[in-house]
Amino acid sequence: MACLLEAPLRISVLSEVTATSRHYVDRLFDPDPQKVLQGVIDMKNAVIGNNKQKANLIVLGAVPRLLYLLQQGSSSSELRAECAVVLGSLAMGTENNIKSLVDCHIIPALLQGLLCPDLIFIEACLRCLRTVFISPVTPVQLLYTDPTVIPHLMSLLSRSQRTQEYITQIFSHCCKTPEHQTVLFNHGAIQNIAPLLISPSYKVRMQALKCFSVLAYENTQVSMTLVNVLVDEELLSQVFVRMMQRDQPIDMQLTAAKCLTYMCRAGAIRTDDSCIVLKTLPCLVRMCSKERLLEERVEGAETLAYLMEPDVELQRIASVTDHLVAMLADYFKYPSSVSAITDIKRLDHDLKHAHELRQAAFKLYASLGSNDEDIRKKITETENMMDRIVSGLSESSVKVRLAAVRCLHSLSRSVQQLRTSFHDHAVWKPLMKLLQNAPDEVLVMASSTLCNLLLEFSPSKEPILESGVIELLCSLTQSDSPALRVNGIWALMNMAFQADQKVKGEIVRALGTEQLFRLLSDPDSNVLMKTLGLLRNLLSTRPPVPVLLKLLHSLLVELIDQMEHSAAVPSSWHIDQVMSSHGKQIMQAVTLILEGEHSIEVKEQTLCILANIADGNTAKELIMTNDDILQKIKYYMAHSNVKLQLAATFCISNLIWNEEDGEANAMTGSQERQDKLRELGFVDILHKLTQASDPNLCDRAKTAMQQYLA
Amino acid sequence: FESLDKLAVTGTHNPLTLHLKNLDYLLLGDPAFNYQEAELNERLKRLYPAVNEDETPLPRSWSPKDKYSYIGLSQNNLRVHYKGHGKNHKDAASVRATHPIPAACGIYYFEVKIVSKGLDFLSSLLPLSPIPGWDKHSYGYHGDDGHSFCSSGTGQPYGPTFTTGDVIGCCVNLINNTCFYTKNGISLGVAFTDLPPNLYPTVGLQTPGEIVDANFGQQPFVFDIEDYMSEWRAKIHGMIARFPIGERLGEWQAVLQNMVSTYLVHHGYCATATAFARATETLIQEDQTSIKNRQRIQKLVLAGRVGEAIEATQQLYPGLLEHNPNLLFMLKCRQFVEMVNGTDSEVRCFSIRSPKSQDSYPGSPSLSPRHGATNPNLHSAGADSPTCSNGVTPPNKNKSHNKYPGVSSASSSSSSSPSSVNYSESNSTDSTKSQPHSGTSNQEETSDSEMEIEAEHYTNGVAENPSARIMNGTYKHQEILQAQDISLEDSCASRQLCGGNQAATERMIQFGRELQGLNEQLCREYGKNVTHKKMLQDAFSLLAYSDPWNCPVGQQLDPMQRENICSALNSAILESQNLPKQPPLMLALGQATECVQLMARVRSGSCSFARVDNFLH
């Protein structure tokens, strides 16, 4: 019964509300401007803090009318200002309100309003624009569509503290891309905003500071400019350092630390500068402490991770600062069991931040342990660390999974950890699971970690092999992402190292020769290098497996193609480049082939590879220092098969080549080589070959001899 | 009067010796050392302002007494080197600082630089022990393994190891009784909690060739300890500011109102007090006449007319001075000084000025008793009836009470201006109410209007600390006072003894004899009194100089000297009326100051950041 009675009552209340709302809108259309003004003022008082009223007014079409009044030149400045205030108030409501306002083209109207000389009106417009722009539903691009807006906003910065606060807040929320940074930078954002850092108003100081943090983020140009800026005869970095003092508000300390972090990462401040080592880093560590709010701890940890990522010395300092490693363990204790019972609100808050906290902690651990073995040890010895990573790998949040796998990857660079904690906690299991179905960025980290787990000394290698990883890795090599291809082939390479024939055969079968060749012509040189490494590992077995020999044949054809192709286009530098990165593997493969029982063709092609190698300057040294190879060449120069003789002579000819346009040391280099080859008896052989019956061989030998005489 | 001559000799002699001594001090000693010493003192004072070094001296060097024989000291006992065998733990040796860390430091910090490292190096805090950190109640951080040691031989993993060139610091937080170490300016995190009091900075060495240098503040620290302190200062100030009042808010307001009211009454700010009481709907304990009487007497003293003040006191409070012979003697001494000054009415009546102006005293000697009397303008500020004290002047006389013609034009213009409020009791309340926001705009107003504003700030509920503002007011008075003193010097270059009048001088000498008689009488009755004797000697010394105002004892003639005796007399009157001799505000202030000092004595470190003067802006 109660329900029945209640329903009509509610409707009547609602209609009453709508009726009053309608009355507010109706008054905006009154012919008497004085009454309109009073109507707007009444509306202002009615909507403050009343979301329902705001929604009602928007539905009833108050916004277009208010905008019309605001833009109307005949409106009194008081009316126009009041309209802007009401619109600002409407924007303070829900996200839907903002959407409706943006749909009514409020932004261009308000931006237009900024051209009016009346300061009160400008401030009301800016306040409304601020509220609209800081909402995530507003497209930031709207600020940049009209190129005259940014310079005008810059000029308004000098008008009042309020314009300063609102404009800087708009900038810091609308600067999302490098392009935005450039636009603001080109319009003098730095010179215009820098003086605001010493404004008497805390809000202005804070918003100006936030502006600098978004401007400097990953922007070398801005960062380099910032270091030289003076504010009241003080360097900007020193102003930031002052803002990081411990008695300053936390928000200010944190944002100032971000500015210095970004400037440092952009290369504008050295990592060993005292303002980084003694101020920024300790400040960020403090932000991670239990006393700080959860949001601050997340931001602090992420910024700190970013700051020290590339610098091992900063990692070492951070690892001993205020027990940071142990402090981070607390990040995993949310929601705490206490909060669940005592306070629902707190529990909700904790739950909301729990994921963020965990991923931030994983990120920071990853950064801390990326270089130093002692730090990695310290991290893995932290309470339940490995368990936390393992459970983090299978969390629902992608962010946490990614951070956890990053952390695992960082720790997997340690031989000791691979042998101990990684195996003890069977981290490979969740890792394999993660690889089955994950976004690319997670896959990259996970496969990279897997590479390390597949290293020969890793006890996890066996169980991973048994879990059918080969197919998975082979599919990675076909990925569009070069990073995934590298990781896939790299993992296979590690897997093939000293593996038994069964495994090797499986790899070759699963990968297929076609895919192997495709990888050999991969545009990414890392992929090529790892493929060659894989081949070496596959080949380094005695006796050679028949399937491998077949493979080898095709491989060499491919390799020669590669070499000739690369040698033809530029000069010999390419060969040198290839050889310096994986010459060892190639030389081993060559030796292996020359020693093995292969067809004449294979051996000829191999010698041709060698000849091509001998064309490069540094590559020459690789052959000259390899007596095995030299003896092989000598052997084939005296071989019964002319083709092999020719190829071997070609090698020698390249080795003794006297570079005409070479430098002095190159000259002596060739002299040395010539002397060594003479000692080894090559001159005698060449001399003999000048008498050879085959004209090609004869010519080749003569050309080579001429080099000796030159 | 022959005795005066003898006194004069001592009078001239003493200052000369003092002068020579000062000179000696400046010339002697190594300038470089003095400079370093001065720098150390300055740094320690800045870091530990709450420490009373007379009670608890700060560590400044290693103690040559409290050390092992294997320890050698040099460079002003700051450098420590090891000279033992260093074969095993038994050869370890340590040295501690001259003094334990005073609790009033709040946060204490020192650093040690490893100049040269032996095989292993041990640094620690705390009492002398074979190896610091291994003995009972001893705490340390050891360089060879990075472990921390607490009252036992087994260490806990704590921080990194350290070696030659490293600067290791130790910070003791006496607020939460924890300690952390630093390495090259980086905090390594809390090492110990629940530390006992009275810790000594200590260092321990064990290997031949080991040398360490201490820095107790001689040089700037590598670690930014002042930044760390600022965090704790902010924390403690925040704690004080956010101290929960809860439901006692109303109760507190009543207490605060009472404090303000009693302060105003105590000093006789009659009109202000009445206005305040009316605005806050509180009651004034003392009746109006009594307040006005006291105010009148105070004004007389502050104007230098002590004779009249004594007379008025005897008249209004019969028996008071008879029961306080010490007070009477002090007053008479002051009267003598004022006679020399030419301000006491007993000598003024001989001066060339018209009797009318002599008799008169400023109608508005200001609501601040300290201030008004010293204003030289007052004497020429026109006539006023002696019985008419501040705040009761009839409204129609307002215009004649322009106190600072040059400073405040508003005060003379109309009766509704804030500064004129004080002259007219009938007007005061109305104008007070009509100008609720005059506070900020009237910063340069006269002192009493500032008092008025004070009250308003409070009644309007503006969150201001009334005591702080009042202190602020007083401070300003002093500033004005100094400025006026200078002008006084200038204008009275031709000042003469007793106003230069022969008869007056004779009267003064006669009074001096009476005073000596009184002293002798008091001696007979109550025994010898050293203070009295000194007072008398000082007063008589004035006569030994041709220009008493510019003589070593000339300080006595300073009008500021009237304030002590004035408040003593005021307190005595209040006490005789069974009223508190001190206003509760001052009592509370004293109590707070005393509490903070007590905190230092009972080793509560937060006292360092809860200084009363921090809140008296």
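Residues numbered from 1 in each chain as written. Chains lettered and ligands numbered in written order. Predicted model: local features only at pLDDT ≥ 70, side-chain atom pairs only at ≥ 80, totals over all residues. Heavy atoms only, no water.

Engineer: An account of the packing of helix α32 (residues 482–496) of chain A against helix α33 (residues 501–511) of chain A is requested, with residue identities and associated values reported.
Structural biologist: Residues and elements named next belong to chain A. Taken N-terminus to C-terminus, the directions of α32 and α33 make an angle of 155°; their axes are 10 Å apart at the nearest point. What the angle tells us is that α32 and α33 run roughly antiparallel. Crossing of α32 against α33: the hand is left-handed. Every residue of α33 that contacts α32 at I489, L492, M495 and A496 is listed here: V503, K504, I507 and L511. (Axes fitted to C-alpha atoms, helices over the stretch in contact; angles between N-to-C directions. Helix = DSSP H or I, 4+ residues; strand = E, 2+ residues; numbered from the N terminus. Parallel < 35°, antiparallel > 145°, perpendicular 65-115°, else oblique. Left-handed = near helix turned anticlockwise from the far one by under 90°. Contact = heavy atoms within 4.5 Å.)

Engineer: Which residues make up the interface of chain A and chain B, and what values do they have?
Structural biologist: The interface is formed by 14 residues belonging to chain A together with 18 residues belonging to chain B. Carbon and sulfur atoms supply 51% of the area that chain A and chain B bury against each other, a total of about 1,200 Å² over both sides. Among the residues of chain A in contact with chain B, A:R246, A:V320 and A:H323 are the three that bury the most area, contributing 45% of the side total. Where chain A packs against chain B, one counts four salt bridges. A:E291 is the salt-bridge partner of B:K235, the closest N and O atoms lying 3.6 Å from each other. Across the chain A-chain B interface, the total number found is six residue pairs in polar contact (both at pLDDT 80 or more). For the side of chain A that touches chain B, the secondary structure elements donating two or more residues are α17 (274–287) and α19 (312–320) of chain A. Ranked by residue count, the leading element in the side of chain A that touches chain B is α17(A), at five residues. (Buried area = accessible area lost by both parts, 1.4 Å probe. Salt bridge = Lys/Arg side-chain N within 4 Å of Asp/Glu carboxyl O. Polar contact = N/O pair within 3.5 Å; in protein donor to acceptor, adjacent residues only side chain to side chain.)

Engineer: Can you lay out helix α9 (residues 149–156) of chain A for me, pointing to particular residues and giving the numbers?
Structural biologist: Residues and elements named next belong to chain A. Listing the buried residues of α9 in full gives V149, I150, L153, M154 and L156. What you see down the axis of α9 is that its buried residues fit within an arc of 160°, all on one side. In this structure, the buried residues of α9 make contact with α7 (106–113), α8 (119–133), α10 (161–174), α11 (178–186) and α12 (189–193). (Buried < 20%, exposed > 50% of the residue type's maximum accessible area, 1.4 Å probe, protein only. Arc of directions from axis to C-beta.)

Engineer: Before we move on, could you go through the side chain of A:Q645 and cite the residues and values that matter?
Structural biologist: Residue and element names in this part refer to chain A. Topologically, Q645 is positioned in helix α41 (residues 642–656). Under the relative-accessibility criterion, Q645 is labelled buried at 12%. A polar contact of 3.4 Å, which involves the side chain of Q645, links it to the backbone oxygen of H639. Among residues more than four places away in sequence, those in contact with Q645 are Y636, M637, A638, H639, L689 and L697.

Engineer: Could you give an account of unusual backbone geometry, with specific residues and numbers?
Structural biologist: All names here are of chain B. Phi at N177 is positive, roughly 55°, even though this residue is not glycine. Relative to the helices and strands, N177 resides in the loop between β10 (167–173) and β11 (178–183). Of note in this structure, N184 is not a glycine but carries a positive phi near 50°. Along the chain, N184 falls in the loop between β11 and β12 (186–192). Looking at N184, the relative accessible area reads 32%, which means it is partly exposed.

Engineer: Describe the packing of aromatic side chains, listing the residues and the values that go with them.
Structural biologist: According to the stated counting rule, one finds 23 aromatic pairs over all chains in the structure shown. Look at A:Y217 and A:Y262: their rings are 4.8 Å apart centre to centre, the planes differ by 70°, and that puts the pair in the edge-to-face class. On the criterion of sequence distance, the pair formed by A:Y217 in the loop between α13 (202–216) and α14 (220–227) and A:Y262 in helix α16 (residues 250–265) is long-range, its members being 45 residues apart. Among the aromatic residues, ring-to-ring pairing joins B:Y139, B:Y141, B:Y158, B:F162, B:Y181 and B:F192 into one connected group. Geometry around B:Y200 places B:R96 over its ring, the cationic atom sitting 3.6 Å from the centre. (Phe/Tyr/Trp six-rings, centres within 6.5 Å; stacked < 30°, edge-to-face > 60°. Lys NZ or Arg CZ within 6 Å of the ring centre and 35° of its normal.)

Such coordinate-based values are descriptive only and should not be taken to indicate function.
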